[in-house]
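Each chain is listed here by its residues.
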Amino acid sequence: MSFSIIAREMNADRPARLNRDDVLRAALDLLNEIGIDALSTRKLAERLGVQSPTLYWHFKSKAALLDAMSQAVMRESRARDTPAEHEPWQDWLMADGRSFRRALLAYRDGARLHAGTRPGEAQRESIEARLRLLCAAGFEPGPATLLMMSVGRFVVGWVLEEQSGQAPDAPPSARLTGPDPSQYPLLAAGWRQTVGSDADAVFEQALRLLIDGARPAASPRRS
């Protein structure tokens, strides 16, 4: 067999004209169509018109693919990675929480896709900038990191509840109406102001409760 024939056969196994961004875009489109439980590398390969092993040129496993999809969602939807200089830390955390929620809501099962992931090397510079903002306000690195983790996990959990309640297979309790105010006046009032209210406004209020409860242990550092 000649060298040219061997080369053609080797190139036939390579993902010609298929790059990493093509795979991620197709994977996110498929996620929106069928959800994370039904998503598989086999179905993704079929969507792209390639054999499953071709995907491993770009992602070594399904877990690696899901991790990259989560990062892509963050890049697409989050408005701003780093705070402005001297921006009030409360304003930054509120804006970041809103942006994070929008990012997760932009895709079907967005919260489940993100849950359990950790920031990669590419995100560390922006995280360092956030920590500088909090430490300048008087937080120590540990509590500052914990505060950012708390906001992030709060948002993931909040959106997980939102998306789970809207899913076609949501439990019957997700469709329950409010309680009878004649029997449960306090619960009925609370229901109207939370479950029965505007979803964006309720999220805003809940996030504000979390952030307002955070207090730096030291005086702000002078720059």
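Residues numbered from 1 in each chain as written. Predicted model: local features only at pLDDT ≥ 70, side-chain atom pairs only at ≥ 80, totals over all residues. Heavy atoms only, no water.

### Brief notes about the overall build of the protein chain
Let me state the cut-off plainly: For the purposes of this entry, the term helix denotes a DSSP run of H or I that reaches at least four residues, the term strand denotes a run of E that reaches at least two, and both are numbered from the N terminus. Each residue gets one of three labels from its accessible area relative to the maximum for its type: buried under 20%, exposed over 50%, partly exposed in between, using a 1.4 Å probe on protein chains only. In what follows, residue pairs with any heavy atoms lying within 4.5 Å of each other are defined as contacts. Reported accessibility uses the Shrake-Rupley method at a 1.4 Å probe radius. Residues are deemed covered only where the shown protein chains occlude them.
For the protein chain, the count of helices and strands is 11 helices and 0 strands. Counting over 223 residues, the protein chain shows a buried share of 35%. The long-range fraction of contacts in the protein chain, counting pairs at least 24 apart against all pairs at least 6 apart in sequence, stands at 70%. Approximately 13,900 Å² of the protein chain is accessible, and the part contributed by carbon and sulfur atoms is 55%.

### With respect to the nonpolar core
Condition: Definition of nonpolar core: a set of buried residues of the types Ala, Val, Leu, Ile, Met, Phe, Trp, Tyr and Cys, connected through side-chain atoms within 4.5 Å.
Residues Met-69 and Trp-89 are the most contacted members of the largest nonpolar core, which totals 48 residues. Residue assignment for this core shows that the elements contributing at least two residues are helix H2 (20-34), helix H3 (41-48), helix H5 (62-77), helix H6 (89-105), helix H7 (110-114), helix H8 (124-136), helix H9 (141-166) and helix H11 (199-212). Contacts of Trp-89, omitting those with residues within four sequence positions, involve Leu-133, Leu-134, Ala-137, Phe-139, Leu-147, Ile-211, Ala-214 and Pro-216.

### Quick word on the packing of aromatic side chains
Threshold: Under the pairing criterion, centres of Phe, Tyr and Trp rings, with the six-membered ring standing for Trp, must be within 6.5 Å; the plane angle then separates stacked pairs below 30 degrees from edge-to-face pairs above 60, leaving the rest tilted.
Applying the stated criterion to the full structure yields 4 aromatic pairs. Ring centres of Trp-89 and Phe-139 lie 5.1 Å apart, and the angle between their planes is 85°; this geometry places the pair in the edge-to-face category. Here Phe-139 lies in the loop between H8 and H9 and Trp-89 lies in helix H6, a separation of 50 residues in the sequence. Here the two residues Trp-89 and Phe-139 agree in accessibility, since each one is buried. Between Phe-154 and Phe-203, the aromatic rings sit 6.1 Å apart at their centres with planes inclined by 25°, giving stacked as the arrangement. Here Phe-154 is found in helix H9, whereas its partner Phe-203 is found in helix H11, with 49 residues between them in sequence.

### Some details on the pattern of salt bridges
Formally: One side-chain nitrogen of Lys or Arg within 4 Å of one carboxyl oxygen of Asp or Glu is enough to make a salt bridge.
Within this structure, the stated rule accounts for 10 salt bridges. A salt bridge links Glu-121 to Arg-124; the nearest nitrogen and oxygen atoms lie 3.1 Å apart. Through salt bridges with shared partners, one network takes in Arg-101, Glu-162 and Asp-200.

### Side note on the packing of H8 against H9
Going by this rule: Think of each axis as a best-fit line through the C-alpha atoms, taken over the contacting stretch in the case of a helix, with angles from 0 to 180 degrees between the N-to-C directions. We call a crossing left-handed when the near helix sits turned anticlockwise from the far one by less than a right angle, and right-handed when that turn is clockwise. The residue classification treats Ala, Val, Leu, Ile, Met, Phe, Trp, Tyr, Cys and Pro as nonpolar and Asp, Glu, Lys and Arg as charged. All others, Gly included, are polar.
Across the interface, H8 lies against H9 with an axial gap of 9 Å and an inter-helix angle of 115°. Of the two elements, H8 crosses H9, and the hand of that crossing is right-handed. The residues of H9 that touch H8, namely those facing Ile-127, Arg-130, Leu-131, Leu-134 and Cys-135, are Pro-141, Ala-144, Thr-145, Leu-147 and Met-148. Within the contact of H8 with H9, the residues separate by chemical class into 8 nonpolar, 1 polar and 1 charged.

### Some points on unusual backbone geometry
Not every positive phi belongs to a glycine, and Asp-109 is a case in point at roughly 60°. Tracing the backbone shows Asp-109 in the loop between H6 and H7.

### Details of the environment of His-114
Within the secondary structure, His-114 sits in helix H7. Through-space distance from the C-alpha of His-114 to that of Leu-66 is 8.4 Å; in sequence the pair is 48 residues apart. His-114 has contacts with Ser-70, Met-74, Phe-100, Leu-104 and Val-156, leaving out every residue within four places of it along the chain.

### Quick look at the confidence of the model for the protein chain
Rules: For every residue, the pLDDT score states the predictor's confidence, bounded by 0 at the bottom and 100 at the top.
Confidence in the prediction of the protein chain, expressed as mean pLDDT, is 85, and 87% of residues score 70 or more. Predicted confidence in the protein chain is weakest over helix H1 (residues 3-12), with a mean pLDDT of 40, and strongest over H7, with 95. The low-confidence segment residues 1-15 (pLDDT under 50) makes 8 contacts with residues lying over four places distant or belonging to another chain.

### Side note on the environment of Leu-104
Among the secondary structure elements, Leu-104 is positioned in helix H6. Taking relative accessible area as the criterion, Leu-104 reaches 0% and is therefore assigned buried. Put simply, Leu-104 and Val-159 are 55 residues apart on the chain and 7.0 Å apart in space, counted from C-alpha to C-alpha. Leave out the neighbours within four places in its chain, and Leu-104 touches Met-74, Gly-110, Ala-111, His-114, Val-155, Val-156, Val-159 and Gln-163.

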